[in-house]
Amino acid sequence: MRATRQHAASGLLAVLSTLAGIAPVLAEVQPDDWLNRMAAAVQSTSYEGTVIRIRGGTAEALKVVHTVKDGVILERVVAQEGDGLEIIRNGNEVHCILPDRKSVLVEEWNDQSTLYSTLPSSDIRFGNEYDVAIVGKERVAGREAIALAIRPHDAYRYGHRIWLDTETSFPLQTQLIHNGTPIEQVKFAEITLNQQIHASALEPSYSTEHFTWHRQLSGHVGTKVKTSWTSDELPAGFRAVSTHEETMSGSDEVVTHILYSDGLANVSVFIAAKSGELISGPAQVGGSNSFSVERGDHEITAIGEVPAMTVEQIATTMQPL
Amino acid sequence: MEAEALKAVVGASRAIRPLAGAAIAATVALIGIFALQQTTSLDELPAEMAPPVANQGVPEIDAQLERQRQFFVNHAETSSQHGANGMNSRVVSLRFSEELVDATEPDEPVEPADLDASELDNEKSTTQP
């Protein structure tokens, strides 16, 4: 009996020692270290679970299975409502099965994850346009998570909140924040991490025999160019990171595409020769906004995951030197 | 109808108004672009929101809508390449691509295994036998 008590006491001591050891370790991890860990976790973690994606008050549930085998990304994403979209990914080749249209859309993707195709990284110039902080701990999908907040310094960009699994640094929940309110959100309702994924979990649930197959090129064709178009009233921190000429799909029309970035938010500006009646003004898709305007013989369209005022300011101030 | 859809529909009506001649097909496409997964049909819209129906100018507005869609897709792809934000840009751009499926007609039957990126054009469609 005495031996049992001693054993229990030593066990308790071991647990307390472990907890005492973990707490300082977590506390010492800096916010941008968490971002680096997150980037690594998204690339290497196998996961299976249900994701709720919320945008503009509309929710969509997706079943997600993701693993990497011999360096090849294997993934299956199934919409639980609506059109029953099913995404089967093997490496860079992606089959998007649209059962209600009896169609398969074949695409080529180069990013690491369908769910988290792009994520904030520690490369952001924190301190200028944004700051990042650890703002708390919560439970997400039944797991302990640490909450990070990336806060913009002005109204020209959105903020982010990210909940990272404390054990693996995998992002369990992400929010795009505008004026303190989430406008887009991805959240795991339940998840298993780093468990063995069976091959059957990655197979399509539909026979695509007799489906119509469509294939798109992996990306728009672009050629790096220099352009005389610029804006001297860009919101603070935005600078051009690439300029391409692109041929529009299904036509010979060539447009100039300038990508501006503040290190986190991206805004594309498309400059095209005027052709017919332009649908000018603002448009919105979830957290993405666009603004189109005519400038002489050209049509300018700015698009980005930024507030409407940002794309409007950029589009309306673009001009050739 | 969700707030986003409402905004999209209002935006659609406003965008079309200056164009003397937008057909329902084009308006459906516009709602598809700006509301993406909204399923409200035109029949469900209040009369004051219903877009104007006319019989001219369809190719022109269709071309403009197609251009807008491509801009969103190209932006999502380029953003992704530069590794910045837009956390579900893939899912969003995929929803745009779905719109393209409806715009294509079946071509000659080809086995999926025969699909070769080098010989395929944008939006080219094939039918699996």
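Since the model is a prediction, treat every value here as computed from it, not as a measurement. (Residues numbered from 1 in each chain as written. Chains lettered and ligands numbered in written order. Predicted model: local features only at pLDDT ≥ 70, side-chain atom pairs only at ≥ 80, totals over all residues. Heavy atoms only, no water.)

**Looking at the overall build of chain A**
Part 1 of the reasoning: Counting secondary structure elements, chain A contains three helices and 21 strands.
Part 2 of the reasoning: Taking the contacts inside chain A whose residues are at least 6 apart along the sequence as the reference set, 49% of them involve residues at least 24 apart.
Part 3 of the reasoning: Counting every atom, chain A has about 14,300 Å² of accessible surface; 50% of that belongs to carbon and sulfur. (Helix = DSSP H or I, 4+ residues; strand = E, 2+ residues; numbered from the N terminus. Contact = heavy atoms within 4.5 Å. Areas by Shrake-Rupley, 256 points an atom, 1.4 Å probe, with all protein chains shown as cover.)

**Side note on the overall build of chain B**
Part 1 of the reasoning: Of regular secondary structure, chain B possesses four helices and one strand.
Part 2 of the reasoning: For chain B, the succession of helices and strands along the chain, N to C, is α-α-α-α-β.
Part 3 of the reasoning: For chain B, the proportion of its 129 residues judged to be buried stands at 55%.
Part 4 of the reasoning: Considering only contacts within chain B whose residues lie at least 6 apart along the sequence, 59% involve residues at least 24 apart.
Part 5 of the reasoning: When the accessible area of chain B is evaluated, it comes to approximately 5,900 Å², of which 52% is carbon and sulfur surface. (Buried < 20%, exposed > 50% of the residue type's maximum accessible area, 1.4 Å probe, protein only.)

**Quick look at the packing of aromatic side chains**
Part 1 of the reasoning: The full count for this structure, using the stated rule, is four aromatic pairs over all chains.
Part 2 of the reasoning: Where A:Tyr47 meets A:Phe188, the ring centres are 6.0 Å apart and the plane angle is 85 degrees; that geometry is what we call edge-to-face. With A:Tyr47 in strand β1 (residues 47-55) and A:Phe188 in strand β11 (residues 181-193), the pair connects residues that are 141 residues apart, well separated along the chain. Of the two residues, A:Tyr47 and A:Phe188, both sit in the buried class.
Part 3 of the reasoning: Measuring from ring centre to ring centre gives 4.2 Å for A:Phe270 and B:Phe71, while their planes differ by 10 degrees; the resulting arrangement is stacked. One end of the pair, A:Phe270, is in strand β17 (residues 266-273); the other, B:Phe71, is in helix α3 (residues 58-81), on a second chain. (Phe/Tyr/Trp six-rings, centres within 6.5 Å; stacked < 30°, edge-to-face > 60°.)

**Remarks on helix α3 (residues 308-317) of chain A**
Part 1 of the reasoning: Within the sequence span of α3(A), burial applies to A:Thr310, A:Val311, A:Ile314, A:Ala315 and A:Thr317.
Part 2 of the reasoning: Looking at the buried residues of α3(A), the elements they touch are β14 (229-230), β17, β19 (288-295), β20 (298-304) and β21 (319-320) of chain A.

**Notes on unusual backbone geometry**
All names here are of chain A.
Part 1 of the reasoning: Of note, Asp 70 is a non-glycine position whose phi angle comes to about 50 degrees, a positive value.
Part 2 of the reasoning: Note on Asp 70: relative accessible area 76%, which makes it exposed.
Part 3 of the reasoning: Located in the positive-phi region is Ala 141, a residue other than glycine, with phi close to 55 degrees.
Part 4 of the reasoning: Inspection of the secondary structure puts Ala 141 in the loop between β7 (130-140) and β8 (143-152).

**Some points on the sheet that holds strand β16 (residues 254-261) of chain A**
Residues and elements named next belong to chain A.
Part 1 of the reasoning: Sheet architecture is open: seven strands sit in the order β13-β15-β16-β17-β20-β19-β18, paired in antiparallel fashion. At either end of the open sheet lies a strand with only one pairing partner, and these are β13 (222-224) and β18 (281-285). When strand polarity is set aside, the average angle formed by the axes of neighbouring strands in this sheet is 25 degrees.
Part 2 of the reasoning: Pairing between strand β15 (residues 239-247) and β16: eight bridges, direction antiparallel. Paired with Thr 243 across the strands is Ile 258, a residue of β16.
Part 3 of the reasoning: The strands touched by α3 are β17, β19 and β20; relative to β19, the strand with the most contacts, the crossing angle is about 20 degrees. (Pairing = 2+ DSSP bridges. Axes fitted to C-alpha atoms, helices over the stretch in contact; angles between N-to-C directions.)

**Some words on the confidence of the model for chain A**
Residue and element names in this part refer to chain A.
Part 1 of the reasoning: Mean pLDDT over chain A works out to 84, with 85% of the residues at or above the 70 mark.
Part 2 of the reasoning: For chain A, the element scoring lowest by mean pLDDT is helix α1 (residues 2-28), at 51; α3 scores highest, at 97.
Part 3 of the reasoning: For the stretch residues 17-22, pLDDT sits under 50, and the model shows zero contacts to residues farther than four places along the chain or on other chains. (pLDDT = per-residue confidence, 0-100.)

**Regarding the pairing of strand β9 (residues 159-165) of chain A**
Residue and element names in this part refer to chain A.
Part 1 of the reasoning: Burial of β9 is extensive: six of the seven residues sit out of reach of the surface.
Part 2 of the reasoning: Here β8 runs beside β9; their pairing, made up of six bridges, is antiparallel. Paired with Ala 147 across the strands is Trp 163, a residue of β9.
Part 3 of the reasoning: Following β8, the chain reverses through six residues before pairing antiparallel with β9.
Part 4 of the reasoning: Where β9 lies against strand β10 (residues 171-178), six bridges are found, and the strand directions are antiparallel.

**A closer look at the pairing of strand β3 (residues 72-79) of chain A**
All names here are of chain A.
Part 1 of the reasoning: Of all eight residues making up β3, seven are buried, and the element is well covered by its neighbours.
Part 2 of the reasoning: Relative to β3, strand β2 (residues 58-69) is paired through eight bridges, and the arrangement is antiparallel. By the bridge assignment for β3, Val 64 is matched with Val 77.
Part 3 of the reasoning: Following β2, the chain reverses through two residues before pairing antiparallel with β3; Asp 70 in that reversal takes a positive phi of roughly 50 degrees.

**Overview of the environment of A:Ile134**
Residues and elements named next belong to chain A.
Part 1 of the reasoning: Its location among the elements puts Ile 134 in strand β7.
Part 2 of the reasoning: Classification of Ile 134 by relative accessible area gives partly exposed; the value is 34%.
Part 3 of the reasoning: For the pair Ile 134 and Trp 34, spaced 100 residues apart in sequence, the C-alpha to C-alpha distance is 9.2 Å.
Part 4 of the reasoning: Apart from the residues lying within four places of it in its own chain, the contact partners of Ile 134 are Val 29, Pro 31, Trp 34, Ile 146, Ala 147 and Leu 148.

**Some points on the environment of B:Gln64**
Part 1 of the reasoning: Mapped onto the fold, B:Gln64 is located in helix α3.
Part 2 of the reasoning: Assessed through its relative accessible area of 5%, B:Gln64 is described here as buried.

**Regarding the side chain of A:Asn289**
Residue and element names in this part refer to chain A.
Part 1 of the reasoning: Residue placement: Asn 289 occurs in strand β19.
Part 2 of the reasoning: At a separation of 3.3 Å, a polar atom in the side chain of Asn 289 contacts the side chain of Tyr 158.
Part 3 of the reasoning: Within polar-contact distance, the side chain of Asn 289 engages the backbone oxygen of Val 306 at 2.9 Å.
Part 4 of the reasoning: Residues in contact with Asn 289, not counting those within four places in the same chain, are Tyr 158, Ala 283, Gln 284, Ala 302, Ile 303, Gly 304, Val 306, Pro 307, Ala 308 and Val 311. (Polar contact = N/O pair within 3.5 Å; in protein donor to acceptor, adjacent residues only side chain to side chain.)

**Concerning the nonpolar core**
Residue and element names in this part refer to chain A.
Part 1 of the reasoning: Counting residues in each nonpolar core, the largest one holds 56 residues, and the members touching the most others are Phe 170, Phe 188, Val 269, Ile 300 and Met 318.
Part 2 of the reasoning: Three or more residues apiece are contributed to this core by two domains, here domain 1 (26-125 + 183-215) and domain 2 (222-320).
Part 3 of the reasoning: The residues touching Ile 300, leaving out its near neighbours within four places in the chain, are Trp 229, Val 269, Phe 270, Ile 271, Phe 291, Ser 292, Val 293, Arg 295, Ala 315 and Met 318. (Core = buried A, V, L, I, M, F, W, Y, C linked by side-chain atoms within 4.5 Å. Domains from an automatic or database assignment.)

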